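Here is how the chains run, residue by residue.
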Protein chains: 2
Amino acid sequence: MNEVEQKWLAQLRKGFLEMCVLVVLREQGSSYGFALIQQFQASGMEVNEGTLYPMLNRMHKNGWLESNWETPTDSGHPRRFYSLSKLGSRLLPAMIDTFRQQQAALAYLLEKS
Amino acid sequence: MNEVEQKWLAQLRKGFLEMCVLVVLREQGSSYGFALIQQFQASGMEVNEGTLYPMLNRMHKNGWLESNWETPTDSGHPRRFYSLSKLGSRLLPAMIDTFRQQQAALAYLLEKS
DNA sequence: CATAATACTATACATAACATAGTACTATGT
DNA sequence: ACATAGTACTATGTTATGTATAGTATTATG
């Protein structure tokens, strides 16, 4: 992937990554930054720290997520766990719906234009 | 659609709309701003002037599009027609491929996370 | 003759992905 | 005992795109 495509991908991911975070948190109940990065990697997306951590902070600040610190019982670095707030739970279905509409519009343009 | 969802949609569209412009221009050979706005509306997307015209200028400036002015023979306002440049033609398949990968990643997260 | 529709230009703003640097603890190998 | 890699988070600045808004100019309609 060359530089132009890379920059375009950065734009395409806007909004999309936030939706992905909400999806994973809804399925799992709660999770934390480092684990999310690894799960995204497993899904075929490379999301690095500089992208995810600021994103989680924003989403929390916007009231989409709740958070609390947890220290592993077997010692280890404290982790900041996030879960969906009421607002986040309401937003996610609307987002998925909007995303599907976008896909449908592209499909229409590909066959009918 | 409330304000929060509206702002999120504005983010989700980043990159996506550029791909849509390239798709339509590839299918049709060439087109101009006003016609594109109407075609997007037909596909279910509302894209207004303030979004599309600056976008076409940027894409032209980036070398993704070629453009030339045409005055309708039966009189009427001159139109600026755009078509794919070589770079645009090379980019589009890569973009569509990337978009499909994104869809696949979301599908994975929805079922496996 | 006024209004709406067609068609484009130009400027300024808000926001998210990304890069980068920094902090701090744990586990592993030698 | 010590260096290295891995885990886990914070903070700041840059860049690019969608959007809003205002302005210009022509044609068609009632």
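See the structure printed just above.
Residues numbered from 1 in each chain as written. Chains lettered and ligands numbered in written order. Predicted model: local features only at pLDDT ≥ 70, side-chain atom pairs only at ≥ 80, totals over all residues.

Asks: Account for the overall build of chain A, with residues named and values stated.
Replies: What chain A contains, in helices and strands, is five helices and three strands. Each helix and strand of chain A, placed in order from N terminus to C terminus, yields the pattern α-α-β-α-α-β-β-α. Principal-axis analysis of the C-alpha atoms gives chain A an extent of 60 × 35 × 25 Å. Here chain A, with 113 residues, has 24% of them falling under the buried criterion. Sequence separation of at least 24 residues holds for 47% of the intrachain contacts in chain A that already meet a minimum separation of 6. (Helix = DSSP H or I, 4+ residues; strand = E, 2+ residues; numbered from the N terminus. Buried ≥ 20, exposed ≤ 12 C-beta atoms within 10 Å, placed from the backbone. Contact = placed C-beta atoms within 7 Å.)

Asks: Outline the protein's contact with DNA strand D, supporting the account with residue identities and numerical values.
Replies: Inspection of the region around DNA strand D gives 33 residues, with Tyr32(A), Gly33(A), Tyr53(A), Gly50(B) and Thr51(B) positioned closest. Within the residue set of the surface near DNA strand D, elements represented by two or more residues are helix H1 (3-12), helix H3 (33-42), helix H4 (49-61) and strand E3 (79-84) of chain A together with helix H1 (3-12), helix H2 (16-28) and helix H4 (49-61) of chain B. It is H4(B) that contributes the most residues to the surface near DNA strand D, six residues altogether. Looking at side-chain class alone, the surface near DNA strand D contains 11 nonpolar, 13 polar and nine charged residues. (Near = placed C-beta within 6 Å. Nonpolar A, V, L, I, M, F, W, Y, C, P; charged D, E, K, R; others polar.)

Asks: So what's going on with H4(B)? Residues and values would help.
Replies: Compared with the 18 Å implied by 1.5 Å per residue over 13 residues, the 18 Å span of H4(B) between its first and last C-alpha is a close match. Positive backbone phi, approximately 85°, marks Gly63(B), located one or two places after H4(B). (Expected span 1.5 Å × (residues − 1).)

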